[in-house]
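Reading the structure
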Amino acid sequence: FPTDGSIQVSPSALLSIYFSESMDPDFINIATIKLFAGSTQVTAITVTPNTSSQVVIYPSSNLSLQTKYTVTVSKDVKDYTGNTLGTDYTFSFTT
């Protein structure tokens, strides 16, 4: 959450990414999962595996209103068997 293309997302919304398989937490971090406001990377975030197949992004403060955000998941994240995504995955939403 939010889904790609969502609009009027609450600035305090919980940002979650769900994977179809259990992911290796050693590859889930701010280097492999990034949040951008427009073209500017939001560096004040924490990325935490919530379950083996869910990751939560915690911005240090509420997101800005009426701003387009993009989440990028690196192709280098791995599941427990060592498989990578193969290509970067991105989705965008607007507050």
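This text goes with the structure placed above it.
Keep in mind that what you see is a predicted model, and the values were worked out from it rather than measured.

Our next topic: the overall build of the chain. Secondary structure summary: the chain contains zero helices and seven strands in total. Traced from its N-terminal end to its C-terminal end, the chain shows the element sequence β-β-β-β-β-β-β. Computed over the C-alpha atoms, the radius of gyration of the chain is 13 Å, within 12% of the 12 Å expected from 2.2 N^0.38 for a compact globule of 95 residues. Along the first, second and third principal axes, the C-alpha atoms of the chain reach 40 × 20 × 20 Å. Every one of the 95 residues in the chain was classed for burial, and the buried ones make up 38%. In the chain, the proportion of contacts linking residues at least 24 apart, taken out of those at least 6 apart, comes to 60%. Per element, the accessible surface of the chain, about 5400 Å² overall, is 50% carbon and sulfur. Taken together, the 4 basic and 7 acidic charged side chains of the chain have centroids lying 9 Å from each other.

What counts and how
Residues numbered from 1 in each chain as written. Predicted model: local features only at pLDDT ≥ 70, side-chain atom pairs only at ≥ 80, totals over all residues. Heavy atoms only, no water. Helix = DSSP H or I, 4+ residues; strand = E, 2+ residues; numbered from the N terminus. Rg over C-alpha atoms; globule rule 2.2 N^0.38 Å. Buried < 20%, exposed > 50% of the residue type's maximum accessible area, 1.4 Å probe, protein only. Contact = heavy atoms within 4.5 Å. Areas by Shrake-Rupley, 256 points an atom, 1.4 Å probe, with all protein chains shown as cover. Lys, Arg positive; Asp, Glu negative; His and termini not counted. Charge placed at Lys NZ, Arg CZ, Asp CG, Glu CD.

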